[in-house]
Structure formats: C-alpha cells, structure tokens
Amino acid sequence: MQIPPETSEKKVESKIDAGGRTYGTGRRKESVARVWVKPGNGNIVINGRKAFDYFMRSVLQALVLQPFSVANRIGRYDVFCTVCGGGLSGQAGAVRHGISKALVDYEPDLRSVLKSAGLLTRDSRAVERKKYGLMKARRSFQFSKR
C-alpha cells in the first residue's frame, strides 16, 4: 500500500508574529525563560541587560550561545528574553532551551539539527529532596562508636 504523495511530505510553516518574532518558553530546574527571537545582528538581551553582563561566567555564556553555534547561525538573530526563578546555571539552561524552541519556530528546517544535539529536550534533572533521618538527600549523620 502506497502513501499518496501529498501526505508523504509535510511542509511545516514557521510561526512568526506581526512583529517578525518567534516565541519559545525554556525551562530548567526551577527557572523559566520567555524568549523572543527575530532577525538581527546578534544582540542578546536578558532581563534588560546584555547577555554577557547578566551571565558573567564564560561557561554560562557558551551555554546561551550553543543553539546558534550548533545551527551555524551566530550573529544572525536578536534575542530578547525574560527569565525568573532558580540560580544562574538553571537560568542559562532555560534560556538555551527557549532559544532552541524559538529558532525551530522561525526555521523549521533546523529541528533535526537541534534535536540531534539534544537542545529541544527539557533537562528534567532537579534537586533531590531531603529524606527524614538524614542530613541531606543522601548524606547521613556521622557514626560515632563511643
């Protein structure tokens, strides 16, 4: 049984709003990032500040730029982002996730590239809860012989 030719090829439309932007929500640990991406010259603004002023550590800066480097689109898009909750590491991961989702909405052809790099999957790792009778999640109290 053959599939008709019109259903075998699905052309995915890009989801661009009236302002020429696409939106993506990114999450990591307790952080949530709302990200808007539009064509530009590579400006990234996070909570009203430049990305490299907001994330001072080079590891976090590289994390935010990772979707662009994987897709080979560095310097082609402007990013406006608001992020809240969690710490800086979780916020950087949330921004990365949001940028990836917004890029896929702008250029659907990038989906396979970003998905194979693991950038579209939410990192579900979170802090393990503290257990009763222990100091922390797994650390027990020091044993005393006497």
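To keep things clear, this report deals only with the structure shown in the data block. (Residues numbered from 1 in each chain as written. Predicted model: local features only at pLDDT ≥ 70, side-chain atom pairs only at ≥ 80, totals over all residues. Heavy atoms only, no water.)

1. Here we look at the sheet that holds strand β4 (residues 49–50)
Note the cut-off: Being paired, for any two strands, means DSSP has found at least two bridges between them. Strands here are runs of E lasting at least two residues and helices are runs of H or I lasting at least four, both read from the DSSP assignment and numbered beginning at the N terminus.
Taken in spatial order, the five strands of this open sheet run β1-β2-β5-β3-β4, and their pairing is mixed. Lying at the two open borders of the sheet, with one neighbouring strand each, are β1 (22–28) and β4. The pairing of strand β3 (residues 44–46) with strand β5 (residues 77–84) spans three bridges and is parallel. Opposite isoleucine 46, over in β5, you have cysteine 81 as the bridge partner.

2. Looking at the pairing of β1
Stated formally: With a 1.4 Å probe rolled over the protein chains alone, any residue whose accessible area is under 20% of its type maximum counts as buried; one over 50% counts as exposed, and the rest are partly exposed.
In terms of residue burial, β1 counts as a mostly covered element, since five of its seven residues are buried. One ladder, built from seven bridges, connects β1 with strand β2 (residues 31–39); its direction is antiparallel. When the bridges of β2 are listed, glycine 24 appears paired with valine 35. Hairpin connection of β1 to β2: two residues between the antiparallel strands, including lysine 29 at a positive phi of 55°.

3. Topic: the packing of helix α3 (residues 58–71) against helix α4 (residues 88–106)
The condition that has to hold: Fitting a line to C-alpha atoms yields each axis, with helices limited to the stretch in contact; the angle taken between N-to-C directions then spans 0 to 180 degrees. Any angle that is under 35 degrees is reported as roughly parallel, and any over 145 degrees as roughly antiparallel; angles of 65 to 115 degrees are reported as roughly perpendicular and all others as oblique. Contacts are residue-level and defined by heavy atoms, with any inter-residue pair within 4.5 Å sufficient. Under the grouping applied here, Gly and all other residues not named as nonpolar or charged are polar, the nonpolar ones being Ala, Val, Leu, Ile, Met, Phe, Trp, Tyr, Cys and Pro and the charged ones Asp, Glu, Lys and Arg.
Closest axis-to-axis distance for the α3/α4 pair is 8 Å, and the angle between their directions is 10°. As far as their axial angle goes, α4 and α3 are roughly parallel. Taken together, the residues of α4 that come into contact with α3 (itself represented by Leu60, Leu63, Val64, Gln66, Pro67 and Phe68) are Leu88, Ser89, Ala92, Gly93, Val95, Arg96, Ile99, Ser100 and Leu103. Its residues assigned to classes, the contact of α3 with α4 comprises 10 nonpolar, four polar and one charged.

4. Focus: the environment of proline 108
Structurally, the position occupied by proline 108 is in the loop between α4 and α5 (111–116). What makes proline 108 partly exposed here is its relative accessible area of 22%. Between the alpha carbons of proline 108 and glutamate 13 there is a distance of 7.2 Å; along the sequence they are 95 residues apart. Sequence-distant contacts of proline 108, defined by excluding residues within four places in its chain, comprise Val12, Glu13 and Ser14.

Taken by themselves, the reported measurements are silent on function.
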